[in-house]
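# Fold and geometry: a report
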Amino acid sequence: MAENTPKNTDGIWKRAEIETPCVKICQIHPTERICVGCLRTLDEIGNWSRMTPEDRRAVMAELPARAPRLSQRRGGRAARQAE
């Protein structure tokens, strides 16, 4: 009788290249047009698998500078008290 245990295929999907910055919080900010999770643009997300390692490193280097673009003013009572 054959076993129905799945084979370990992790090695197939591992490549010696830069990992994706995706954190599985995929939502595009309506004004800034970047993902609130990984901070990449839609073009960068769509082209990621076709980018060279150098292009990916360049995008990764830019991501920290994009974070402040998503800081939002607090709403509600706390925002009114801060004014």
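Predicted, not measured: the structure shown is a model, and the values here were computed from it.

Thresholds applied
Residue numbers restart at each chain and count upward from 1, following the sequence in its written direction. Side-chain atom pairs in this predicted model are given and counted only at pLDDT of 80 or more, local residue features only at pLDDT of at least 70, and totals for whole chains, interfaces and linings cover all residues. As a rule here, side-chain values come from all non-hydrogen atoms in the structure, and water together with hydrogens is ignored. To qualify as a helix, a DSSP run of H or I must reach at least 4 residues; to qualify as a strand, a run of E must reach at least 2; elements of each kind are numbered from the N terminus. In what follows, a contact means two residues having at least one pair of non-hydrogen atoms within 4.5 Å. Computed by Shrake-Rupley with a 1.4 Å probe, the accessible areas treat only the displayed protein chains as cover when residues are assessed. Nonpolar core, defined: a set of buried Ala, Val, Leu, Ile, Met, Phe, Trp, Tyr and Cys residues in which side-chain atoms within 4.5 Å join the residues together. Buried means the residue's accessible area, taken with a 1.4 Å probe over protein chains only, is under 20% of the maximum for its type, while exposed means over 50%, and partly exposed covers the values in between. The predictor attaches a confidence to each residue, and that confidence, scored 0 to 100, is pLDDT. Surface patches are defined over residues having more than 30% relative accessible area and no salt bridge, joining like charges when they lie within 9 Å and nonpolar side chains (Val, Leu, Ile, Met, Phe, Trp, Tyr) when within 5 Å. Here a salt bridge means any side-chain nitrogen of Lys or Arg lying within 4 Å of a carboxyl oxygen belonging to Asp or Glu.

## Topic: the overall build of the protein
In terms of helices and strands, the protein carries four helices and zero strands. Mapped from its N terminus to its C terminus, the protein presents α and β elements in the order α-α-α-α. Contacts in the protein between residues at least 24 apart in sequence constitute 42% of all its contacts with a sequence separation of at least 6. Of the roughly 7,000 Å² that the protein leaves accessible, carbon and sulfur atoms contribute 53%.

## Describing the nonpolar core
Counting residues in each nonpolar core, the largest one holds seven residues, listed as Ile 34, Leu 39, Trp 48, Met 51, Val 59, Leu 63 and Leu 70. When neighbours within four sequence positions are excluded, Met 51 is seen to be in contact with Glu 44, Arg 56 and Val 59.

## Topic: the confidence of the model for the protein
With 65% of its residues at a pLDDT of 70 or more, the protein has an overall mean of 81. Across the protein, the secondary-structure element scoring lowest on mean pLDDT is helix H4 (residues 76-82), at 52, and the one scoring highest is helix H2 (residues 42-47), at 96.

## Comments concerning a nonpolar patch on the surface
Residues Val 23, Ile 25 and Val 36 make up a contiguous nonpolar surface patch of about 230 Å² in total accessible area. Topologically, Ile 25 is positioned in the loop between helix H1 (10-13) and H2. On the basis of relative accessibility, which here comes to 49%, the residue Ile 25 falls in the partly exposed class.

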